[in-house]
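Report on the structure
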Amino acid sequence: MHHRSASALLLFSFLGAPAFAADLPARAPGLWQSITSALGPDGQPLPNAQNVISVSCVDAQNDQKFFLTEADACTGLAVSGAGGSYHITAQCMESSGVHQLNETLTYQDAKDVTLKAVYETRAGQMTITSQLQWQGACLPGMQPGDEGSIINGSFSKADNINDPDNR
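Everything numeric in this text was worked out from a predicted model, so none of it was measured.

Rules and cut-offs
- Residues numbered from 1 in each chain as written.
- Predicted model: local features only at pLDDT ≥ 70, side-chain atom pairs only at ≥ 80, totals over all residues.
- Heavy atoms only, no water.
- Helix = DSSP H or I, 4+ residues; strand = E, 2+ residues; numbered from the N terminus.
- Polar contact = N/O pair within 3.5 Å; in protein donor to acceptor, adjacent residues only side chain to side chain.
- Contact = heavy atoms within 4.5 Å.
- Disulfide = S-S within 2.5 Å.
- Pairing = 2+ DSSP bridges.

1. A short note on the side chain of D59
- By the secondary structure assignment, D59 is in the loop between β2 (52–58) and α2 (65–68).
- One polar contact links D59 to N62, side chain to side chain, over a distance of 2.8 Å.
- With sequence-adjacent residues up to four places away left out, D59 is seen in contact with P29 and P144.

Shown next, in the form of structure tokens:
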């Protein structure tokens, strides 16, 4: 994850623990846009972490990897829920120490997912919210698992979920 912005790194590391592929519904394959915001321990918006827009190219093989990144850093993973609502808990290890993860994924359908994650850390509670929406086919030049942004109408790759640093 060496090329991600700080806020995108926050999102993907926090997205990264939760579940096993069979536990969550499949998202539609194609281009997904995420709009993410984070609140710090004081409940105030984190600088440079409000309405951060990123895109990813999802296919059936890579869909759940976006929710499993860095899962080996977490213990006690528990997934509950059915239909369109899932709750995920775990204890995850990061450079700053162990934090408790409480995450809710709400699937409106296969093309619209809301994520809300609350993390208990030594510094206090952090909250991440992200609206993930299907946009259509992946852009030319994108490979399944690619993550990045759209700059001047073109895809700018930051990473791929399959890169060895993301496992």
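2. Quick look at the state of the cysteines
- Tallying each qualifying case throughout the model produces one disulfide.
- Note on cysteine connectivity: C57 is disulfide-linked to C138, with sulfurs 2.1 Å apart. For the disulfide bridge between C57 and C138, the dihedral angle about the S-S bond is near 105°, and by the sign convention the bridge is right-handed. With C57 in strand β2 and C138 in the loop between β7 (124–136) and β8 (146–151), this residue pair connects regions lying 81 residues apart in the sequence.

3. Description of the pairing of strand β6 (residues 112–121)
- Pairing of strand β5 (residues 97–109) with β6, which is carried by nine bridges, proceeds in the antiparallel orientation. By the bridge assignment for β6, L105 is matched with L115.
- Relative to β7, β6 is paired through 10 bridges, and the arrangement is antiparallel. Across the sheet, residue T114 finds its bridge partner in β7, namely Q131.
- Adjacent in sequence and paired antiparallel, β6 and β7 are bridged by two residues.

4. Overview of the pairing of strand β4 (residues 85–94)
- Where strand β3 (residues 74–82) meets β4, seven bridges bridge the pair, whose relative direction is antiparallel. From the neighbouring strand, A82 faces β4, where its bridge partner is S85.
- Here β3 folds back onto β4, and the loop between the two strands holds two residues, one of which, G83, carries a positive phi near 60°.

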